[in-house]
Amino acid sequence: MQSWRGKSLWLALSASWLLVLLRVFPLLRLAVPARPWASAPQGWPRWLDTELLPSFSQPGELPEDAPQPPQAPRGGGCDWGACFDASKCRTGGLKVFVHPVAGPISAAHRKILASIESSHYHTASPEEACLLLFLSLEVPAGECSPVPQQWNGGRNHLVLDLHPAPCPQTFQRGRAMVAKASPTVDTFRPGFDVALPLLPEAHPLRGGAPGQLRQHSPHPGVPLLALAEERGGWRTAGTDPSACPWDGRCEQNRGPEQTHPGGTLPNATFCLIPGHRPDALHFLQALQAGCIPVLLSPRWELPFSEVIDWTKAAIVADERLPFQVLAALQEMPLTRVLALRQQTQFLWDAYFSSVEKVMHTTLEIIQDRIFGASAHASLLWNSPPGALLALPTFSTSPSDFPFYHLQRGSHPVGRFSALIWVGAPGQPPLKLIQAVAGSQNCAQILVLWSSEKPPPSRWPETAVPLTVMDGQRKVSDRFFPHRAISTDAILSLDGHSSVTTSEVDFAFLVWQSFPERMVGFLTWNHFWDEAQGGWGYTAERANEFSMVLTSAAFYHRYYHTLFTHSLPKALRTLADETPTCVDILMNFLVAAVTKLPPIKVPYGKQHFEATPPLVPGGPEPQPTARDCINQMAAGFGYMPLVSSRLRLDPVLFKDPVSVLRKKYRSLEKP
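A quick note: this is a predicted structure, and the numbers were derived from the prediction, not measured.

Caption draft 1: Geometry of the sheet that holds strand β17 (residues 523–529). Spatially, β18-β17-β19 is the arrangement adopted by the three strands of the open sheet, whose pairing is antiparallel. Of all strands in the sheet, those with a lone pairing partner are β18 (534–538) and β19 (547–548), marking the two edges. In terms of strand pairing, β17 meets β19 through two bridges, oriented antiparallel. Residue pairing in the sheet places Thr523 in a bridge with Val548 of β19.

So, in structure tokens, the structure goes:
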């Protein structure tokens, strides 16, 4: 009897669950918009808040999309394995040759050529290249740019097309990949083509304007919605949930509205972008403004959807459900709104703010396809500082980079390597070696001898390994990724530096808490000189600073790889020709990557004072030094340095308590 009751109860529960699933399934289907047929899944974001979409209508009342048979993408159905020969790329990496352009070109095309030719991808030899780039120029409607002579059926070619208008002779591109602005989902070939953003003509070459978001949480006075208009502007609407501002059939009161011209960024929490036309320009404006893009039944591929997880920054909604969408946006938790807005700012700054970043992202996606398992992980693409600044030649594991310890709940382990650079006059830093070797956190001491004088034959005996390396007589050689460096942390020192063991130990302890930053003792500060119309810097002792001298500083060894393989060659040459600029260049690099200032730690008065380069004994830099910081700002496209007034001291530092209670007692000695 008990067994029969148990079976009856089990059957009743199963039947009730089946009824619930049958009733709920149509509602969930309405929450996810129908998409056109495609040859492979697309990279569009989906609703993550299906529970926030109450049904205000019956399924039978909504118009259904007419069923369409699957259509093969244009271009002969090419994929990566069939139409691209990656064997030439695996030896020397991705090298790009640009076919010569015949005839006049626009300003946007000139920026594209400049961004590629100044990058480490470029080569002037077509025999050395494994990717040949063909720039599709703007031609009369209905025509296509003629293919180059060395076409080879389009194999290992990338056709760069910035114009959304389709070319009727696409089939002539053969096996070539197409990087197109705002491609439609029925012509885009996932895993082979690359979806680009539609860039305005005035988009900057490098640097670019920062994100305009000043407050991540919605402000009470800021409108909830901004609607993209066909004329290029934006219309902000009130928060009335009965309004459906993109649907002309709505007769309800839309609330207060305000129109903004095309050049003005939207000031709202959500930006509604209709999907019946390629609104890529509106999409970029929404990203820059920190306005969460809400794409209404889109029919075009989002830029770089192969690697960017757009579910973290954008929302796809069904334009047939205006009331549900508006209600869901109003009820969205503030924590999710905050996360979405933060991600829009990261993606804008990392991949879209300049022509250079757009083109480098395109080439980096192709390079990831070549390396396969050795390519960037999804975390590197979708977390700061982005894949362009997380070089796979250094590592493919996020734990090896200094940026992801907080997300992974970890911290750097191990000890540090002291790298002592010895230039002119080439005196052996014997006292400095003894002070550094006395640290219990020191794993090795590397002396980079870059003086014309030969190094001494005998060196002091230390408790840690000491290695003398022959330098190349260049100041930038100290930032080369030497194989002898065996730890993540590097203590960069000059032969004339002076530090104590306690100062080194405390600075290393601070660096372990902030492994992505530079931690140093001597500081400089930059400023804008109105009289000269440019940037300047000073070493005057003040509370505010933005740079630390690499003559005594901790940082992660990954910055050596970035310095050597990521910085433009022109900036590295400037540092070699003007050795006093190397400190500024390293600080520029770290600040551009982290968007954070360095950290200052205590430094005894008995040590030498910091002075600007080329001015031994004076606080004001000479014209050569001033030109250095301005040339670097021009090379980066903006001023990346961030000022700070923070100095970290040990517990009980200079407190009127017993010295026996203090761990770093020698730091307070006069």
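That covers the picture; the talk isn't over yet.
Caption draft 2: Structural view of the nonpolar core. Core analysis: the biggest nonpolar cluster contains 85 residues, and Phe416, Val436, Ile445, Phe554, Ile584, Phe588 and Met632 have the highest contact counts within it. Membership of the second largest hydrophobic core comes to 64 residues, among which are Ile116, Met177, Ala179 and Trp348.

Caption draft 3: Geometry of the state of the cysteines. A full pass over the atoms with the stated rule returns three disulfides. Across the disulfide from Cys89 sits Cys130; the S-S distance is 2.2 Å. Across the S-S bond linking Cys89 and Cys130, the dihedral sits near 115°, which makes this disulfide right-handed. Here Cys130 lies in the loop between α4 (107–117) and β2 (131–136) and Cys89 lies in helix α3 (residues 89–92), a separation of 41 residues in the sequence. Cys130 gets classed as buried once you look at its relative accessible area, which sits at 1%. At a sulfur-sulfur separation of 2.1 Å, the disulfide partner of Cys271 is Cys291. Linking Cys271 and Cys291, the disulfide has an S-S dihedral of approximately 120° and is accordingly described as right-handed.

Caption draft 4: Structural view of the sheet that holds strand β12 (residues 416–422). One open sheet holds the seven strands; their spatial order is β14-β13-β12-β15-β20-β16-β21, and the pairing between them is mixed. Edge strands, defined here as strands with exactly one partner in the open sheet, are β14 (466–470) and β21 (599–600). As judged from the five bridges shared by strand β15 (residues 489–494) and strand β20 (residues 552–556), these two strands associate in the antiparallel manner. Residue pairing for β20: Ile490 is matched across the bridge by Tyr555. Sitting on the sheet, helix α11 (residues 430–437) is in contact with β12, β13 (442–449), β14 and β15, with an inclination near 160° to β13. Sitting on the sheet, helix α12 (residues 501–513) is in contact with β12, β15, β16 (519–520), β20 and β21, with an inclination near 30° to β20.

Caption draft 5: Quick peek at the packing of α4 against helix α8 (residues 355–371). The contact between α4 and α8 brings their axes to 9 Å, and the two run at 60°. By the angle between their axes, α4 is oblique relative to α8. In this structure, α4 meets α8 at a crossing whose hand is right-handed. Between α4 and α8, the residues in contact are Lys111, Ile112, Ser115 and Ile116 and Val355, Glu356, Met359 and His360, respectively. Split by residue class, the contact of α4 with α8 holds four nonpolar, two polar and two charged.

Caption draft 6: Just the environment of Glu461, in detail. Within the secondary structure, Glu461 is located in the loop between β13 and β14. Residue class for Glu461 comes out exposed when judged on its relative accessible area of 77%. The spacing of Glu461 and Ala437 is 24 residues in sequence and 9.6 Å in space, taken between C-alpha atoms.

Caption draft 7: Structural detail: the packing of aromatic side chains. On inspection of all chains with the given rule, the structure shows 28 aromatic pairs. When the ring of Phe283 is compared with that of Trp310, the centres are 5.2 Å apart and the planes differ by 70°; the resulting orientation is edge-to-face. Residue Phe283 is located in helix α5 (residues 280–289), and its partner Trp310 is located in the loop between β10 (292–296) and β11 (315–317); the two are separated by 27 residues in the primary sequence. A single burial state applies to Phe283 and to Trp310, both of which are buried. In this structure an aromatic cluster arises from ring pairing among Phe394, Phe401, Phe403, Tyr404, Tyr558 and Tyr559.

Caption draft 8: A look at unusual backbone geometry. Between Pro384 and Pro385 the backbone carries a cis peptide bond, its omega angle lying at 5°. Structurally, Pro385 can be placed in the loop between α9 (378–382) and α10 (405–408). With phi around 55°, Asn152 is a residue other than glycine that occupies positive phi space. Within the secondary structure, Asn152 is located in the loop between β2 and β3 (157–161). Take Asn152: its relative accessible area is 61%, and that puts it in the exposed class. With phi around 55°, Phe304 is a residue other than glycine that occupies positive phi space. Positionally, Phe304 belongs in the loop between β10 and β11. Exposure remark for Phe304: the relative accessible area of 1% places this residue in the buried category.

Caption draft 9: Representation of the pattern of salt bridges within the structure. Taken as a whole and judged by the stated rule, the model has 14 salt bridges. Here Glu356 makes a salt bridge to Arg206, at a shortest N to O gap of 3.6 Å. Placement of the pair is Glu356 in helix α8 and Arg206 in the loop between β5 (194–196) and β6 (225–228), with a sequence separation of 150 residues. Its relative accessible area of 17% is what places Glu356 among the buried residues. Of the residues examined, Arg206 reaches a relative accessible area of 24% and is grouped as partly exposed. Measuring nitrogen to oxygen at the nearest pair gives 2.6 Å for the salt bridge that ties Asp318 to Arg320. Accessibility expressed as a relative area gives 23% for Arg320, which makes it partly exposed. In the salt-bridge network here, residues are joined through shared partners; they are Asp349, Lys357 and Lys595.

The rules we used
Residues numbered from 1 in each chain as written. Predicted model: local features only at pLDDT ≥ 70, side-chain atom pairs only at ≥ 80, totals over all residues. Heavy atoms only, no water. Pairing = 2+ DSSP bridges. Helix = DSSP H or I, 4+ residues; strand = E, 2+ residues; numbered from the N terminus. Core = buried A, V, L, I, M, F, W, Y, C linked by side-chain atoms within 4.5 Å. Buried < 20%, exposed > 50% of the residue type's maximum accessible area, 1.4 Å probe, protein only. Disulfide = S-S within 2.5 Å. Contact = heavy atoms within 4.5 Å. Axes fitted to C-alpha atoms, helices over the stretch in contact; angles between N-to-C directions. Parallel < 35°, antiparallel > 145°, perpendicular 65-115°, else oblique. Left-handed = near helix turned anticlockwise from the far one by under 90°. Nonpolar A, V, L, I, M, F, W, Y, C, P; charged D, E, K, R; others polar. Phe/Tyr/Trp six-rings, centres within 6.5 Å; stacked < 30°, edge-to-face > 60°. Salt bridge = Lys/Arg side-chain N within 4 Å of Asp/Glu carboxyl O.

Just distances and angles here, no functional claims.
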